[in-house]
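Spelled out, the chains give:
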Amino acid sequence: MLSAADNDMLTQTGAHSPMGMLFRRFWMPALLSSELAEPDGPPVRVRLLGEDYVGFRDSAGKVGLVEPHCPHRGANLFFGRCEDGGIRCAYHGWKFDRAGQCLEATTLPRDAKYDAVVPRLGLRACAVEEVGGIVWAYLGPPAERPALPHFELFDMAPEQFHVSKKLQECNWAQSCEGALDTAHFSFLHMSINEDEQLGHSMRQSEASASGDANRLRWLRADPTPQFSILPHEAGLVLGAARRADGDDLYWRISQFLLPNHALAPSTFPGENYHGQCWVPIDDVSCWIYCYTWNPQRPITDDERARYRAGHTIHATTDAQHVPIRRRANDYLIDRDDQKRRSYTGIAGVSEQDQMIQDSQGFIVDRTREHLGPTDAGIVRFRRVMLDAARAAMRQQLHVAARHPEAFRVRAGGAVAHQDMSISEVMRARFGDVYGRVREGGANDV
Amino acid sequence: MLSAADNDMLTQTGAHSPMGMLFRRFWMPALLSSELAEPDGPPVRVRLLGEDYVGFRDSAGKVGLVEPHCPHRGANLFFGRCEDGGIRCAYHGWKFDRAGQCLEATTLPRDAKYDAVVPRLGLRACAVEEVGGIVWAYLGPPAERPALPHFELFDMAPEQFHVSKKLQECNWAQSCEGALDTAHFSFLHMSINEDEQLGHSMRQSEASASGDANRLRWLRADPTPQFSILPHEAGLVLGAARRADGDDLYWRISQFLLPNHALAPSTFPGENYHGQCWVPIDDVSCWIYCYTWNPQRPITDDERARYRAGHTIHATTDAQHVPIRRRANDYLIDRDDQKRRSYTGIAGVSEQDQMIQDSQGFIVDRTREHLGPTDAGIVRFRRVMLDAARAAMRQQLHVAARHPEAFRVRAGGAVAHQDMSISEVMRARFGDVYGRVREGGANDV
Amino acid sequence: MLSAADNDMLTQTGAHSPMGMLFRRFWMPALLSSELAEPDGPPVRVRLLGEDYVGFRDSAGKVGLVEPHCPHRGANLFFGRCEDGGIRCAYHGWKFDRAGQCLEATTLPRDAKYDAVVPRLGLRACAVEEVGGIVWAYLGPPAERPALPHFELFDMAPEQFHVSKKLQECNWAQSCEGALDTAHFSFLHMSINEDEQLGHSMRQSEASASGDANRLRWLRADPTPQFSILPHEAGLVLGAARRADGDDLYWRISQFLLPNHALAPSTFPGENYHGQCWVPIDDVSCWIYCYTWNPQRPITDDERARYRAGHTIHATTDAQHVPIRRRANDYLIDRDDQKRRSYTGIAGVSEQDQMIQDSQGFIVDRTREHLGPTDAGIVRFRRVMLDAARAAMRQQLHVAARHPEAFRVRAGGAVAHQDMSISEVMRARFGDVYGRVREGGANDV
C-alpha cells in the first residue's frame, strides 16, 4: 500500500516529475531496429515518456531521433523524405541530419547571412545507440549521459537472440510489478486441472515435458512462495521459493534492473533466457520490449516462429505491435474455456499478464491494496524506485547509471535443498551471487 | 423551465449529489436475470449511478453485486472465475462470496493470524433481490434499506410477463419525462395521414384494429390534452384527456412512481400493461428496463417474439441491449419515409422516443424551455423529484420508500363522459382512485 | 513568429473572441446549395464558428438557417419535417419558418393569449443568401449586416462554374496560410525528378503540356521566390516571382480577401480560375469551400468529372465531403511512391496541402517558427487579420465589409520581364493593378 502521493510519484513520468527525471538519466528502448528497416526508408512516429519524436535511418544506416516539427513552419517531419544523409521536410524542403543539424534551409537566400543563420535552425535530437535489435535513446541532459547498460543480450550474435515489442494499455509500473510478482503463476497462468495443465504447457512453454510437469505441479501446489531479496548496484535479485519434492525447494529467481527492466525467473540451465523493458508512451500506456537469448546456442527457427506467433513473454500482435487480444476486445476471452480448461479463458501467457495488469485500471490505486508476504518483491521494487526518484529530484545520479557492467546478469530457476540460502542458490545456479555473467559465458551450472 | 441549479439537481446522480442520495434510498434494477444465465457462469460488468460493480451468479444460483477490484492488488473480478460458492480473482486466486466476504486469501500464510485478517479483506457488496426477471440492487446505507417496492409485475407467473432493457444515450430525467409527457403522441408517433396511420399502427400496436383506429383518430385530432394529476404515496397518477366522439373524452393515464418508474397510459382492459424504469449508468446515459405484463392471461409466443424484435416500449437491440437504431447512426432515419409515410422516418415507437429524447442533448437545457398546459405532467414530476432530493440531502426518507405496497398500481386508457373527474375515471377503469390492484387481481372493469 | 497571445487571437473564432467578432461581421459559406437539394427536403446539421444550426430549404425553395433546439422542450429540429412553408419539430409539432418565426405552437390552447404568446416563441435565425452554388450566412448583429461581397463567381452562368467543399482537420488560419504561401510549390507538390514531374502534372493539372513543363521547371529551379504585396480595400495582392528563362520572371499572384478567402495563383489567360474559403467548424477543423470558374467559356464535362474525382483544389471526398485521404489514415501515404516518384507519396495536390497543414498540429505553434523572406505573404496576412480583429473588438467595421465590389477580382500567373514591378505585371495580366474585373469581363490580356 502506498500513499496517494507516492503512487503518483511511482507512476508519473512527465519531464518535470521525479520519476520522469529518473527515467531521463537512463537509456530507453525507443524502437525495434526492424521498425527502421533500411537506410533512407520511411520515418516513424515515436512517443516516449509523453514526448513526441520522429525516428529515421539515414543514408549511412545510422538512426536519428528528433523533435517532429520543422523549425521553419512546424510541418511534421514524419511526412518528410529521407535522402542523402538527412530528412527533408515535405513543406519547403528544409533538411536535417540525425543530430538535428540543419543541412539546408531551402527558402532562405544564399547570401552572406545564410551560413551564420543555418546553424541556429537545428532540431532537438536524442543520443541514440543501436544494439541487441533495439534502438536505444537517451532523453536527458547531454552532459549527464551515462554509458549504455551492458546487458548480456548485447554479447549475443544475431542468431542467438530474438526481440519483439507489444503495447500494454496501462501504466508502466503495475505492468513491471506483474513481472516481479512471481507468486501469480500459481493461478493466472494455470489450467483448471493438472491434466489440462500438462497439455496446455506443452503448447505454451519450451521446457522439456517432464521438467515442465514437475515445475507446474510445484507451482500449483504452493501459492505462497517465500521471497528472498539481494540488492546490487543495478537493481535487485528477487527469489521466490516453493516447496518441491522431498526436502527441496523450487526457486524462481527474477532480476529487477533500474529503472524499468526485468529478467524472467523460469529459465533452467540450457533453456532460453528472457528479459523485458517497460517504456512509458505516456502514463496510461507503455511499450514492452521483449527479448530472448541463449548464450549457448542459436535460437532455432522453430522457436523464432513460435515467438513471432506469440509465446512466453512474446505476444501475438499485429504489424504495429498491438496485441491481437487486447483491452478493447476483452482479450478475446473464451468463457467456456475459462469454465472447463484454463484459469482465465484467455490464450497466451503474455496476454494473461497483459489482461490482469490492464484490469487493475489505467493506473492502479495502490492506496487500497492489502499486501502480504508474497508481495515482498514489489514492495522492495517500489521502495528502490521511490528512493531513486527522490534522489533524481535532487539531481543525484543513481549508482546504477554509473555501473553499466552491473546489468550483465542472468535470472532463472533452480531446485535446491531447503537449507540453502538465496546466495548459495545463486552461486550454485549462476556461479555468482548476483547472477553476473562470467567471462567465457558458461556460468550456467 | 428550471433554474440552472435545479436542472443540475434534477439530472446529477453521483453519490454525493442530492438526487444521487435520493436514488440510493431506493432499489434499482441492476441487470436482467437473463444476463446471469446460470450458476457459476461468467461475471458481468455493471455500471450504476456512476459506480462500477461486478455481478455474478454463485453456485447456489444467488446473485452477487460487488465492487470490481480485488482488495489484494486491484485486479478486476470481471476476469475472475465463479466456482464453488464464490468468485475467484484471476491474479492470485483470492475468493469472495456474493456478500463480499473473503473466503480464501490464497497468498497469505495459513498461520495464527490468517483467521483474524481474512474477515477484514472483504469487498463492498450491494443488497440484491431477484424478482420479475430483474436483479434489483440497493446501493444506499445498509441500515436504511427499505423493502423492495411491490410492483404488480412481481405477482405474475413467468408466462405472464416479458422484460427487456435498452440503452438510452442521454440523461435519465429527460427520457423519463418523455414517458410522462403523453401529449407528444399526437405527433412523434403519428403517420402523415390517417390511412398510413392505420396500416402503421397495425404493425406497431397490439390493440384491436377498430379500437386502435378510434384512438389514433382522437390522438391525431387533439394535440392539447387536458392534464389532471393525483398524488399518492408512491408517486403521481397523470391523466391526459382528449376529445373523443360525442360527449366523451379519451383518457390516457400514466403513473410516475419514485424515483424513476413510469407505467404506460395506453392499456385498455384486457390488453397488456407496460412499465419502464430509468437507471442512470452515468449522467449522460441510462438503461431503461422495460416490462410488459398481463394479469389475466399469458403473454403469447407471438407477442413475445414481437417484443424481442422491437415493439411498443421494447426496442430492437443487439445482444448487449444496445438499440440497433441509435444516436451514432441517426436511428437509421429514412428521410423518404419521413416525407411520405411516418412523421419521423424512424421505425419503432421506442426508437422514436429514444431519438427525440437524445436529440434534446445529453442533458437538456431546461433553462430555455417554454412550457405550456400540456407539460403539466413533467412540471409536477420535477417538483416532486426536486422536493424529494432536497429532503434526501437532509437525510429525510421519502414516504414512498416506506410504502412498498403503494407501487402495486396500474395505468392505462379509458373513454369516459366529459363530466367525469379523473378520480371517477380511475375508479371506473381500475376500481380504485389510484389504480391500486385489488386482491384477486381482477380490477380491470 | 507570433506571441502566444497573438497566435490565440489569430486562431480562435468563438463568439466572444476578437477574431470571432471579425468573422461575424462578414458573410460565411454555410452549405453547398446541393446539400439542400429540394424544397421541403431533409434538414441538415450545420456547425459554423463553433455554433450549431439546422439548415433547411422551405416549400418555396428558400433556405433557412436556425438554432437547432425547439424553444418548447429542446428537441433537435434536425429530426424535424419540412412541410408547407416551415420546419415542424418531431416532438410536439411546433412549426417555424425560415426566419425562425413560430407558425404554430400546437400544444398551446388556441385562446385569447395564443396570438400574443406565439410571436415570442421564435428561433434565432441567420440572414441567408444563396448564390454561386453556395448558401451564405451572416451570423453577426443584424443591424450591422453588410452587403454580400460580390465575387466574380456570382456573375457566372451555372455552366461556367463548379463548386465543392472538403473537410480540413486543423485550424482555419494555418490552412489559409498554406494557400497564401506559394513558395511551397517548389517542394510539396513536386515529383522527385523532372520526367516524373511532367507525367505527373499531365494527370494533375489542366494547363497545356508545354506551358506546364516550363512552369514546373521554373518552380523546381527556384525555391526562393521574391514577394511583392499590394494592399487594397478587400485584402491583399500577393505576388511571388521566380526566375524564368532569359530576363523573365515567372509570377504567381494570389489574392487574400478578408476575412477567409484566397484566390489561386496558377491561372494563365484562358485557363480556369480557382478560389477557396476557409470556414471554421470550430478552432480545430474547418470546411474549405472550393470554386472554379471560367469567365470565357463553360466548364467542360470532362473538367467537371475530374474536379468531382479530386483535382487541383478539389479533393477526393466521400458523400459527406470528407476527404478519402485524411488525417486518420495518414492520407493513404505510399512510402514507395515517395521514395521513387512524388515528393510526398500522397496523391492529389489538395490532399498534399491538407496533409502538410494538418501535420503542423491542430493549431500550429507560431511561437516556434523561423520565418524568412518567402514567408512575406503570410506575415502580411497575419498583420492584416490581427489588426482587423483588434478593430472588431473595438466595434470598428473593417473597410472590406463596406466594399462588396472590391471582392470582384482575379488572381493568376504571368511571365514578365524582370524590370516590371508587380503593379505593371498586374496591369499587363489583368488590365488592372488590383485585378479588378472590368465591365464586359474580358480583362485577361
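Whatever comes next refers back to the structure up there.
Now for a description of the structure that goes with this document. (Residues numbered from 1 in each chain as written. Chains lettered and ligands numbered in written order. Predicted model: local features only at pLDDT ≥ 70, side-chain atom pairs only at ≥ 80, totals over all residues. Heavy atoms only, no water.)

**Observations regarding the environment of isoleucine 134 of chain B**
All names here are of chain B. As for its placement among the helices and strands, isoleucine 134 is situated in strand 10 (residues 134–138). Overall, the relative accessible area of 1% leaves isoleucine 134 in the buried class. C-alpha separation for the pair isoleucine 134 and tyrosine 289, spaced 155 residues apart in sequence, amounts to 8.5 Å. Here isoleucine 134 is in contact with Pro29, Leu31, Leu32, Ser33, Glu129, Val163 and Tyr289, once residues within four sequence places are set aside. (Helix = DSSP H or I, 4+ residues; strand = E, 2+ residues; numbered from the N terminus. Buried < 20%, exposed > 50% of the residue type's maximum accessible area, 1.4 Å probe, protein only. Contact = heavy atoms within 4.5 Å.)

**Considerations on the side chain of arginine 73 of chain B**
Secondary-structure assignment places arginine 73 of chain B in the loop between strand 4 (63–66) and strand 5 (81–83). Side-chain polar atoms of arginine 73 of chain B contact the side chain of glutamate 177 of chain A, separated by 3.5 Å. Discounting chain neighbours no more than four positions away, the residues touching arginine 73 of chain B are Glu177, Asp181, Gln360, Val364, Glu369, Leu371, Asp375, Ile378 and Arg382 of chain A together with Tyr91 and His92 of chain B. (Polar contact = N/O pair within 3.5 Å; in protein donor to acceptor, adjacent residues only side chain to side chain.)

**A closer look at helix 11 (residues 422–430) of chain B**
Residue and element names in this part refer to chain B. Within the sequence span of helix 11, burial applies to Ile422, Ser423, Val425, Met426, Arg429 and Phe430. Seen from one end, helix 11 has its buried residues packed into an arc of 160°, which puts them on one side. Just beyond helix 11, the residue with positive phi is glycine 431, at close to 75°. (Arc of directions from axis to C-beta.)

**A closer look at the pattern of salt bridges**
Scanning all chains against the criterion turns up 90 salt bridges over all chains. Of the charged contacts in the structure, one is a salt bridge between aspartate 302 of chain A and arginine 306 of chain A, with a shortest N-O distance of 3.8 Å. Residue aspartate 302 of chain A and its partner arginine 306 of chain A are located together in helix 7 (residues 301–309), separated by four residues, close to a single helical turn. Where glutamate 177 of chain B meets arginine 366 of chain B, a salt bridge forms, and the shortest distance between an N and an O atom there is 3.2 Å. Pair noted here: glutamate 177 of chain B is in helix 4 (residues 172–180) and arginine 366 of chain B is in the loop between helix 9 (349–359) and helix 10 (376–393), with a separation of 189 residues, a long-range link. On the basis of relative accessible area, glutamate 177 of chain B is assigned to the buried category, the value being 0%. Given a relative accessible area of 0%, arginine 366 of chain B falls into the buried group. Three or more residues joined by partner-sharing salt bridges are found here, namely Arg73 of chain A together with Glu177, Asp181, Arg366, Glu369, Asp375 and Arg382 of chain C. (Salt bridge = Lys/Arg side-chain N within 4 Å of Asp/Glu carboxyl O.)

**What about the nonpolar core?**
Residue and element names in this part refer to chain B. Leu48, Leu65, Trp172, Trp251, Phe256 and Met385 are the most contacted members of the largest nonpolar core, which has 92 residues in total. In terms of residue count, the dominant contributor to this core is helix 10 (eight residues). Excluding residues that lie within four positions of it along the chain, tryptophan 251 makes contacts with Ser228, Gly239, Ala240, Ala241, Gly412, Gly413, Ala414, Ala416, Met420, Ile422 and Val425. (Core = buried A, V, L, I, M, F, W, Y, C linked by side-chain atoms within 4.5 Å.)

**Quick look at the relation of the copies chain A and chain C**
Turning chain A through 120° and shifting it by 0.1 Å along the axis lays it on chain C, with an RMSD of 0.1 Å. Look at the turn and shift together and you get a three-fold axis relating the two. The C-alpha atom lying nearest the rotation axis in chain A is that of alanine 328 of chain A; the distance is 11 Å. (Least-squares fit on C-alpha atoms with pLDDT ≥ 70 in both.)

**A word on the sheet that holds strand 10 (residues 134–138) of chain C**
Residue and element names in this part refer to chain C. Here we have three strands laid out as an open sheet, ordered 1-10-9, and antiparallel in their pairing. On the outer flanks of this sheet lie strand 1 (28–32) and strand 9 (127–131), each paired with one strand and no other. Adjacent strand axes in the sheet meet at a mean angle of 30°, parallel and antiparallel pairs treated alike. As judged from the five bridges shared by strand 9 and strand 10, these two strands associate in the antiparallel manner. The residue bridging valine 128 from the neighbouring strand is alanine 137, located in strand 10. (Pairing = 2+ DSSP bridges. Axes fitted to C-alpha atoms, helices over the stretch in contact; angles between N-to-C directions.)

**What to know about the layout of surface pockets**
Considered as a void within the structure, the largest pocket measures approximately 1,200 Å³ in volume. Lining the largest pocket are 47 residues, and of these Arg45, Val46, Asp52, Tyr53 and Asn76 of chain B sit closest to its centre. For the lining of the largest pocket, the secondary structure elements donating two or more residues are helix 9 (349–359) of chain A together with strand 1 (28–32), strand 2 (44–48) and strand 3 (51–57) of chain B. Tallying contributions element by element places strand 2 of chain B first for the lining of the largest pocket, with four residues. Split by residue class, the lining of the largest pocket holds 20 nonpolar, eleven polar and 16 charged. A volume near 1,000 Å³ is recorded for the second largest pocket. Contributing to the lining of the second largest pocket are 39 residues, with Val44, Arg45, Val46, Tyr53 and Phe78 of chain A lying nearest its centre. Put simply, the parts of the chain that give the lining of the second largest pocket at least two residues each are strand 1 (28–32), strand 2 (44–48), strand 3 (51–57) and strand 17 (285–293) of chain A together with helix 9 (349–359) of chain C. If one sorts the elements of the lining of the second largest pocket by residue count, strand 2 of chain A sits on top with five residues. Residues that form the lining of the second largest pocket fall into these classes: 20 nonpolar, seven polar and twelve charged. (1 Å grid on protein atoms, 1.4 Å probe; cavity = no way out; pocket = protein on both sides within 12 Å on 5 of 7 lines; lining within 4 Å. Points joined across faces, edges and corners; volume = space filled by probe spheres on them. Nonpolar A, V, L, I, M, F, W, Y, C, P; charged D, E, K, R; others polar.)

**Focus: the packing of aromatic side chains**
For any two aromatic rings, the description comes down to two numbers: the centre-to-centre distance and the angle of the planes. This model, assessed by the stated rule, comprises 48 aromatic pairs over all chains. Measuring from ring centre to ring centre gives 5.6 Å for tyrosine 331 of chain B and phenylalanine 79 of chain C, while their planes differ by 70°; the resulting arrangement is edge-to-face. Of this pair, tyrosine 331 of chain B sits in the loop between helix 7 (301–309) and helix 8 (335–340) while phenylalanine 79 of chain C is found in the loop between strand 4 (63–66) and strand 5 (81–83), placing the two residues in two different chains. There is no split in this pair, since tyrosine 331 of chain B and phenylalanine 79 of chain C are both buried. Taking 5.3 Å as the distance between ring centres and 50° as the angle between the ring planes, the aromatic pair formed by tryptophan 218 of chain C and tyrosine 250 of chain C counts as tilted. Within this pair, whereas tryptophan 218 of chain C is found in helix 6 (residues 209–221), its partner tyrosine 250 of chain C is found in strand 14 (residues 248–257), the two being separated by 32 residues in sequence. Accessibility expressed as a relative area gives 9% for tryptophan 218 of chain C, which makes it buried. (Phe/Tyr/Trp six-rings, centres within 6.5 Å; stacked < 30°, edge-to-face > 60°.)

**Structural notes on the sheet that holds strand 8 (residues 102–104) of chain A**
Two pairing modes exist for strands in a sheet, parallel and antiparallel, and in both the strands are linked by backbone hydrogen bonds. Residues and elements named next belong to chain A. On the basis of which strands lie adjacent, the open sheet formed by four strands has the order 5-6-7-8 and antiparallel pairing. Edge positions in the sheet fall to strand 5 (81–83) and strand 8, since each has one partner strand and no second. Bridge analysis of strand 5 against strand 6 (residues 86–88) gives three bridges, and the strand direction is antiparallel. Bridge pairing in strand 6 links cysteine 82 to isoleucine 87.

**Quick word on the interface of chain A and chain C**
Every contact between the two is made by 30 residues of chain A and, on the other side, 36 residues of chain C. Buried surface at the junction of chain A and chain C, both sides included, amounts to about 2,600 Å², of which 53% is carbon and sulfur. Its largest share of buried area at the contact with chain C, chain A owes to Arg73, Phe79 and Tyr91 of chain A, together 31% of the area lost on that side. Summed over the shared surface of chain A and chain C, the result is six salt bridges. Run the count over chain A and chain C and you get 17 residue pairs in polar contact (both at pLDDT 80 or more). The greatest single-element share of the side of chain A that touches chain C, amounting to three residues, is contributed by strand 5 of chain A. By residue class, the composition of the side of chain A that touches chain C is 14 nonpolar, nine polar and seven charged. (Buried area = accessible area lost by both parts, 1.4 Å probe.)

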